[in-house]
Amino acid sequence: MKLEGVKVLDLSLFLPGPMLTLMMADHGAEVIKVEPMGEGEPTRHVGYRKNGESVWFRNTHRGKTSIQLNLKEAADHAVFMRLAAEADVVVEAFRPGVVKRLGVDYDAVRAVNPGVVYCSVSAFGQDGPYRDRPAHDLAVQALAGVVSLNEGQDGLPAMPAMPVADALGSLTALSGVLMALLRKRETGVGDYLDVAMFDSVLAWTPNVTGRLFTTAEAHVVKDERSWGGNAMYGLYRTADDRWLALGGAEVKFAKALLTPLGREDLVALAELPPGSGQEPLRAFLREAFAVRTLADWEAWFADKDVCWAPVRTLKDAFDDPALAARGMLNRDADGNEVVGTPIRFREEPAVIDPTLPVLDADGAAIRARLNPQR
């Protein structure tokens, strides 16, 4: 596997850091999860459980080993530093300044391991005016301006469905860690990576910042292409109170849809800029889709070259055989669902190890390895 032989020491909790190290573990890295004293990783105890384990924990910590350390205690601090001395990667996601106070920051680790790639994932980064501001995903999205873009039918902001800041922060960190490891092969020198979830969200706005950068004005959300301003890029209710999505604004899709509906005359409206000019087309589509059930529309669209999809529940999506075909849904020996990895190589593909680490189950073995009897 691509990361076989890479040793990762993971101090992070919850979602961004653990997802980063999970993807590394799936591709062969040895990941040691350093858990806090007491109940350990919080997601062991959060949310729904199946066969005695948190589903969240199962799908972020499979294939890792576990050791509990109290980094404020000299003996445990020494264990960590010995592990850090042999690690290729250290990941932490505390608030800025915490690892410095604990004596496990980049400078401390680099002193015993100049080749280490040390990655800090935080809400707003290690410097800047928001550095010390506490935040999880929702607050980061809100401050980054993207919660306001989740505008509901009532014109009010809605709760975002996905942890975008967590996800983008995690993937940004993974990219940076892999870049640093690649460079280390040439130089033998590691690096320090400061990843802010806030920065990661903002970096993914090039397709929606046109209005801001050309007019210096805020969006009118419902008029923008990505959020309903384009008739061919929006949500429509069907006769059975379900919904479908039109997901392609190219004119070719408008022609492929409107011609069999007998309204090729409306194609010209799809060529207009997003906004009020397209309202007659949106009105027609609302009326047209409302006269048939979603199942009827699925059958109707079967031979049409139109970018569309039924709006499904997450359960519907995970019940789809396509997930198993792509390796995105597996089951362990006990029948527990295990979400696959999206990184697919033809050569050296990922190997999903569904084994979950029991809290501190590997602590004694790790300590014994670090302190062999003479």
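Chemist: So what's going on with the layout of surface pockets? Residues and values would help.
Modeler: Its boundaries defined by the atoms lining it, the second largest pocket holds a volume of some 1600 Å³. As for the second largest pocket, its lining consists of 39 residues, of which Glu151, Ser226, Trp227, Gly228 and Leu235 are closest to the centre. Listing elements by their share of the lining of the second largest pocket, those giving two or more residues are α7 (164-187), β9 (233-237), β10 (243-247) and α12 (279-289). If you tally residues by element for the lining of the second largest pocket, the top one is β9, at five residues.

Chemist: Before we move on, could you go through the side chain of Arg62 and cite the residues and values that matter?
Modeler: Note on placement: Arg62 falls in the loop between α2 (55-61) and β5 (65-68). A distance of 2.6 Å separates the side chain of Arg62 from the side chain of Asp26, its partner in a polar contact. Only 2.6 Å separates the side chain of Arg62 from the backbone oxygen of Val339, close enough to count as a polar contact.

Chemist: Account for the pattern of salt bridges, naming residues and giving values.
Modeler: Evaluated as defined, the whole model comprises 22 salt bridges. Salt-bridge contacts for Glu279 lead to Arg282; the nearest nitrogen and oxygen are separated by 3.0 Å. One end of the pair is Glu279 and the other is Arg282, both in helix α12 and three residues apart, which spans about a single turn. Judged by relative accessible area, Glu279 falls into the partly exposed class, the value being 28%. By relative accessible area, which is 10% here, Arg282 ends up buried. The structure contains a network of salt bridges with shared partners spanning Lys50, Arg331 and Glu337.

Chemist: Describe in detail unusual backbone geometry, supporting the description with residues and values.
Modeler: Across the chain, the bulk of peptide bonds are trans and the bulk of non-glycine residues have phi less than zero. Located in the positive-phi region is Phe14, a residue other than glycine, with phi close to 70°. With respect to the helices and strands, the residue Phe14 is situated in the loop between β1 (7-10) and α1 (16-26). Not every positive phi belongs to a glycine, and Glu348 is a case in point at roughly 50°. Looking at where Glu348 falls in the secondary structure, it is placed in the loop between β13 (337-339) and α16 (363-370).

Chemist: With reference to specific residues and values, describe the nonpolar core.
Modeler: Core analysis: the biggest nonpolar cluster contains 32 residues, and Val6, Val8, Met24, Val89 and Cys119 have the highest contact counts within it. Of all the secondary structure elements, the ones that give two or more residues to this core are α1, β6 (89-92), β7 (117-122), α7 and α8 (197-202). Looking at this core element by element, the count peaks at seven residues for α7. Once residues lying within four places of it in the same chain are set aside, the contact partners of Met24 are Leu3, Val6, Val8, Ala29, Val89, Leu174, Val177 and Leu181. If you look at the next biggest cluster of nonpolar residues, it comprises 24 residues, including Ile32, Val34, Val116 and Ile366.

Chemist: Give a description of the sheet that holds strand β11 (residues 308-310) that names residues and reports values.
Modeler: Taken together, the three strands give an open sheet; going across it, the order is β9-β10-β11, and neighbouring strands pair in antiparallel fashion. Bordering the open sheet on either side are β9 and β11, each of which pairs with just one other strand. Recorded for the sheet is a direction-independent mean angle of 20° between the axes of neighbouring strands. Along the sheet face, helix α13 (residues 294-301) touches β10 and β11 and points at about 150° away from the line of β11.

Parameters and conventions
- Residues numbered from 1 in each chain as written.
- Predicted model: local features only at pLDDT ≥ 70, side-chain atom pairs only at ≥ 80, totals over all residues.
- Heavy atoms only, no water.
- 1 Å grid on protein atoms, 1.4 Å probe; cavity = no way out; pocket = protein on both sides within 12 Å on 5 of 7 lines; lining within 4 Å.
- Points joined across faces, edges and corners; volume = space filled by probe spheres on them.
- Helix = DSSP H or I, 4+ residues; strand = E, 2+ residues; numbered from the N terminus.
- Polar contact = N/O pair within 3.5 Å; in protein donor to acceptor, adjacent residues only side chain to side chain.
- Salt bridge = Lys/Arg side-chain N within 4 Å of Asp/Glu carboxyl O.
- Buried < 20%, exposed > 50% of the residue type's maximum accessible area, 1.4 Å probe, protein only.
- Core = buried A, V, L, I, M, F, W, Y, C linked by side-chain atoms within 4.5 Å.
- Contact = heavy atoms within 4.5 Å.
- Pairing = 2+ DSSP bridges.
- Axes fitted to C-alpha atoms, helices over the stretch in contact; angles between N-to-C directions.

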